[in-house]
Amino acid sequence: MLVHLQQYKHEEVQFDDNRTTGESQTEDSVDKDSEEYFGENVDRFDVVTWETVEHDGDPIQRRDVTIEGVTTVSVPQQPTDEDDPDLPGQTIQFHMDGGVEYVEQAEIVEVQDEDPQEP
């Protein structure tokens, strides 16, 4: 399956009152390589740079993530210890041929079967 989701995090740098929603931060502070961000190399993730959006009146970071080769998707019924109630989304678990991956503070946008079986 092909899974498209949006992931959220708090802003990591100081900003002044002149920043507006949608304004990007410097690439080196927000476009980390997958191993640095996720703790391991996840080449299957097609990640776009974080952008600033507004959530409950505060600026937060959001990015689109596409994951290929997913066999199952799981969303816990209860929030995990890593979930931040001040951000949208929650931890989502993906089973793939190479094992299990977790993406924190994410919301599923779309899931597609890359090879649908005809009836």
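Residues numbered from 1 in each chain as written. Predicted model: local features only at pLDDT ≥ 70, side-chain atom pairs only at ≥ 80, totals over all residues. Heavy atoms only, no water.

(A) Inspection of the overall build of the protein at higher detail. Along the backbone of the protein there are 2 helices and 7 strands. The contacts of the protein with a sequence gap of at least 6 include a subset with a gap of at least 24, amounting to 58%. For the protein, the computed accessible surface area is about 7,700 Å², with 40% contributed by carbon and sulfur atoms. (Helix = DSSP H or I, 4+ residues; strand = E, 2+ residues; numbered from the N terminus. Contact = heavy atoms within 4.5 Å. Areas by Shrake-Rupley, 256 points an atom, 1.4 Å probe, with all protein chains shown as cover.)

(B) Structural context of a nonpolar patch on the surface. Residues V75, I108 and V111 make up a contiguous nonpolar surface patch of roughly 220 Å² in combined accessible area. By the element assignment, V75 lies in the loop between β5 (70–74) and β6 (90–96). (Patch = residues over 30% accessible without salt bridge, like charges linked within 9 Å, V, L, I, M, F, W, Y side chains within 5 Å. Salt bridge = Lys/Arg side-chain N within 4 Å of Asp/Glu carboxyl O.)

(C) Representation of the pattern of salt bridges within the structure. One pass over the full model with this rule turns up 1 salt bridge. For R62, the salt bridge goes to E51, with nearest N and O atoms at 2.9 Å. In this pair, R62 sits in strand β4 (residues 58–68) while E51 sits in strand β3 (residues 51–55), placing the two residues 11 residues apart along the sequence.

(D) Region of the structure containing the environment of I92. Its location among the elements puts I92 in strand β6. The spacing of I92 and Y102 is 10 residues in sequence and 5.7 Å in space, taken between C-alpha atoms. Excluding residues that lie within four positions of it along the chain, I92 makes contacts with V73, S74, V75, E101, Y102, V103, A106, E107 and I108.

(E) The arrangement of the side chain of E11 in detail. Turning to its location among the elements, E11 is positioned in the loop between β1 (2–10) and α1 (27–30). Take E11: its relative accessible area is 16%, and that puts it in the buried class. A distance of 3.2 Å separates polar atoms of two side chains, one belonging to E11 and the other to T52. One polar contact links E11 to Q61, side chain to side chain, over a distance of 3.2 Å. (Buried < 20%, exposed > 50% of the residue type's maximum accessible area, 1.4 Å probe, protein only. Polar contact = N/O pair within 3.5 Å; in protein donor to acceptor, adjacent residues only side chain to side chain.)

(F) Region of the structure containing the pairing of β1. As paired elements, β1 and β4 share 9 bridges and run antiparallel to each other. Paired with H10 across the two strands is I60, which belongs to β4. As judged from the 6 bridges shared by β1 and strand β7 (residues 99–112), these two strands associate in the antiparallel manner. In the sheet register, Q6 faces β7, and the bridge partner there is E107. (Pairing = 2+ DSSP bridges.)

(G) Focus on the environment of Y8. Along the chain, the position of Y8 falls in strand β1. Exposure remark for Y8: the relative accessible area of 7% places this residue in the buried category. Y8 sits 82 residues away from Q90 along the chain, and the two C-alpha atoms are 9.2 Å apart. Contacts of Y8, omitting those with residues within four sequence positions, involve W50, I60, Q61, R62, L87, P88, Q105 and E107.

(H) Just unusual backbone geometry, in detail. Within the chain, D56 stands out as a residue other than glycine whose phi angle is a positive 55°. Its location among the elements puts D56 in the loop between β3 and β4. Positive phi is not limited to glycine here, since Q105 has a value of about 50°. Mapping Q105 onto the fold places it in strand β7.

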